[in-house]
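Coordinate inspection notes
Here is what each chain is made of, one letter per residue.
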Amino acid sequence: MSNPYISGTGYYLPPRVVTNEELSNFMDTSNEWILERTGIEERRYVESGVGPSDLAIPATEQALLAAGLTVKDIDFIIFATSTPDYYAPGSGCLLQEKMGFGEIGALDVRVQCSGFVYGLSIAEQYIRTGMFKHILLIGAEVQSTAMDLTTEGRDTAVIFGDGAGAAIISATEEDRGILSTHLHTDGRYVKELWLEAPASKAGHPRISKNDLDEGKQYLKMNGREVFRHAVTRFPEVIIEALKKNKIEQKDIGLLIPHQANLRITQMIQKKMGLRDDQVMSNIHKYGNTTAGTIPIALGEAIEEGRISEGDIVVFASFGSGFSWASAVMKW
Ligand SMILES: CC(C)(COP(=O)(O)OP(=O)(O)OC[C@H]1O[C@@H](n2cnc3c(N)ncnc32)[C@H](O)[C@@H]1OP(=O)(O)O)[C@@H](O)C(=O)NCCC(=O)NCCS
C-alpha cells in the first residue's frame, strides 16, 4: 500500500496590505487593541473581482514546480474553502478550467478553518487505496468580502484576511508521509461562528433586503466562546494524534497550528510544553485566512528551512462548526 506524502507546496497572498492603522479609518479600533488581543499587524485583501480560485493559481503553480510535476500529472483536486467564488459550482471546478487540468474530479471541502486538514485526510485515503497518485490540495479564502468593516463588525473584521496555499499529496513506497489524521465536529456551536445568508432555507429570495439590513451577509463570531473551546480542543486533538503514533511532545519537529489568533497559539504551546522553535506562527502578517492558514504557514516554514527530512510535522486546526482536526506526518 502506498504512503501519502507532501511532494510540493506553494502559497500566494494578494498584494494589497491592510494594516491595523488602515482598519482604524473604517471602525473604532486601534493598532494596540488588535496587536494585544490577536497578534495581528496586517492582513491581505483582494481587489474586487478576485476569488479563491484566482488566488489558488499561483499557489498551485509553485507547488507543482516544487514537486517537479505538471497539471497533466494531477489525478484529483480537493479545494478547501469556506468562501467559494460562487454558491455553485465549487471553486475546484473553476480551478480545473482555469489551469487546464484534464477532466479530473474536483471536490470542494467546506469545513472552514479545518478545511485543509480534512482535505488532507481525504487525500490520504485516496492515495492509500491506490486510486490516485498525485492530488492537488488547496486551502484558499477570500474573507475580506464577508467582513463588516464598521465598528459593529470590528471584533471579527480585524481577525480575517485573504490568501491561498497549495500542497501536492503524492504516493510513495518509502516509509514517510502522513501517519494519521483525526477529525471532529460539534454542531451545537454552529451559531458561535457563522455566516447566515444567503441561505437556501431562507426561502425566496435566499437573501432579503431585511437580511442585508441586519448584516446577515457578514461572518459573525462569539469571540470569547470560540477562544474558550479553541484552547481546549487544539491540545486535545494534538495529543490524540501523538498518542495514536506513540510520539512524545518533545519529538515534534514542527507544529503548524491553524493561525486563529496568536494568543491561542501561545496557549497551545504553553499547555503542551513546546519550545518556540517547535511552533510555527505567521499570523502577524496575514491574520486568519481560514482554510488557507496551514498550507501558507507550511510553505513559509519550508522556505525558512524549518522542516528537514524525517521530521515529525503536526497540523492542528479548530474553527467554525465547531470543527477541529489534526494530522501527523513524517517529513
Ligand atoms: C475576538 C477577540 C480578540 C476579542 O477579545 P476579548 O478580549 O474577548 O474582547 P471582548 O469581546 O470581551 O471585548 C472587549 C471590548 O473590546 C471591544 N472590541 C471588540 N473588538 C474590538 C476592536 N476590533 N477594537 C477595539 N475594541 C474592540 C468590545 O466591544 C468590548 O468593549 P466593551 O468592554 O466596551 O463592551 C477574542 O475573543 C478572540 O481572540 N477570540 C477568538 C477568535 C478567533 O480566534 N477566531 C477564529 C477562530 S478560527
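Residues numbered from 1 in each chain as written. Predicted model: local features only at pLDDT ≥ 70, side-chain atom pairs only at ≥ 80, totals over all residues.

**Brief notes about the overall build of the protein**
The helix and strand tally for the protein stands at 11 helices and 13 strands. Taken over the C-alpha trace, the protein has a radius of gyration of 19 Å; the compact-globule value for 331 residues is 20 Å, and the two agree within 12%. Overall size of the protein, expressed as C-alpha extent along the three principal axes, is 55 × 45 × 35 Å. In the protein, 80% of the contacts between residues at least 6 apart in sequence involve partners at least 24 apart. (Helix = DSSP H or I, 4+ residues; strand = E, 2+ residues; numbered from the N terminus. Rg over C-alpha atoms; globule rule 2.2 N^0.38 Å. Contact = placed C-beta atoms within 7 Å.)

**Quick look at the sheet that holds strand β11 (residues 254-257)**
With respect to topology, 4 strands assemble into an open sheet ordered β8-β13-β12-β11, the strand pairing being mixed. Each end of this open sheet is capped by a strand with a single partner; those strands are β8 (177-185) and β11. Across this sheet, the average inter-strand angle for adjacent strands is 10°, counted without regard to direction. Judged from the 4 bridges that link them, β11 and strand β12 (residues 312-319) form a sheet pairing that is parallel. Bridge pairing in β12 places I256 opposite F315. (Pairing = 2+ DSSP bridges. Axes fitted to C-alpha atoms, helices over the stretch in contact; angles between N-to-C directions.)

**With respect to the sheet that holds strand β1 (residues 3-12)**
Strands sit in the order β1-β7-β6-β4-β5 across an open sheet of 5 strands; the sheet is mixed. Edge positions in the open sheet fall to β1 and β5 (105-109), since each of these has one partner strand only. Averaged over neighbouring strand pairs, the angle between their axes works out to 20° when direction is ignored. Sheet topology note: the strand β4 (residues 76-80)/strand β6 (residues 134-141) ladder contains 5 bridges and is parallel. Note that in β6 the partner of F79 across the bridge is I138.

**Observations regarding the site of the ligand**
As a structural note, the neighbourhood of the ligand is formed by 20 residues, with T29, R154, G223, A260 and G319 the closest of them. Class assignment of the residues belonging to the shell around the ligand gives a composition of 10 nonpolar, 6 polar and 4 charged. Of the residues that make up the shell around the ligand, three or more belong to each of domain 1 (3-175) and domain 2 (179-330). (Near = placed C-beta within 6 Å. Nonpolar A, V, L, I, M, F, W, Y, C, P; charged D, E, K, R; others polar. Domains from an automatic or database assignment.)

**Brief notes about the domain arrangement of the protein**
Along its sequence, the protein is carved into domain 1 (3-175) and domain 2 (179-330). Computed over C-alpha atoms only, the centres of domain 1 and domain 2 are separated by 13 Å. Listed per partner, the contact involves 46 residues of domain 1 and 42 residues of domain 2. Looking at the side of domain 1 that touches domain 2, the elements with two or more residues in it are β1, β3 (42-45), α5 (115-129), β6, α6 (154-157) and β7 (163-172). A per-element tally of the side of domain 1 that touches domain 2 places α5 first, with 7 residues. Of the residues contributing to the side of domain 1 that touches domain 2, the split by class is 19 nonpolar, 17 polar and 10 charged.

**A few points about the packing of helix α8 (residues 223-244) against helix α9 (residues 262-272)**
Look at α8 against α9: their axes get within 10 Å of each other, and the N-to-C directions meet at 45°. Here α8 is positioned oblique relative to α9, judged by the angle of their axes. Read as a crossing pair, α8 and α9 show a hand that is right-handed. Only I264, M267, I268, K271 and M272 of α9 make contact with α8, whose side of the interface consists of F227, A230, V231, F234, P235 and I238. A breakdown of the residues in the contact of α8 with α9 according to their chemical character gives 10 nonpolar, no polar and 1 charged. (Parallel < 35°, antiparallel > 145°, perpendicular 65-115°, else oblique. Left-handed = near helix turned anticlockwise from the far one by under 90°.)

**Structural notes on the pairing of β4**
Counted residue by residue, β4 has 5 buried out of 5 residues, so it is predominantly covered. Side chains F76, I78 and A80 of β4 all project onto a buried face; the interleaved residues I77 and F79 project onto the opposite face, where all are buried too. The sheet contact formed by β4 and β5 spans 5 bridges and is parallel. Paired with A80 across the strands is V109, a residue of β5. The β-α-β motif built from β4, the intervening helix α4 (residues 91-99) and the parallel element β5 has right-handed crossover chirality. (Buried ≥ 20, exposed ≤ 12 C-beta atoms within 10 Å, placed from the backbone. Right-handed = clockwise from strand over helix to strand, strands pointing away.)

**Some remarks on the nonpolar core**
Within the largest apolar cluster, 92 residues are counted, with the highest numbers of intra-cluster contacts made by I135, L137, I138 and V314. Ranked by residue count, the leading element in this core is α8, at 8 residues. Each of domain 1 (3-175) and domain 2 (179-330) accounts for three or more of the residues forming this core. In this structure L137 touches I78, G119, L120, A123, A166, A167 and I169, once residues within four positions along its chain are discounted. (Core = buried A, V, L, I, M, F, W, Y, C linked by C-beta atoms within 7 Å.)

**Examining helix α3 (residues 52-67)**
Counted at 1.5 Å a residue, the expected span for α3 with its 16 residues is 22 Å, and the 22 Å between its end C-alpha atoms agrees. Along its length, α3 shows its largest kink, about 25°, at P58. Along α3, the positions that sit buried rather than exposed are P52, S53, D54, L55, A56, A59, T60, A63, L64 and A67. For α3, the elements touching its buried residues are β1, α4, β6 and β7. (Expected span 1.5 Å × (residues − 1). Bend = angle between axes of the 7 residues up to and from the residue.)

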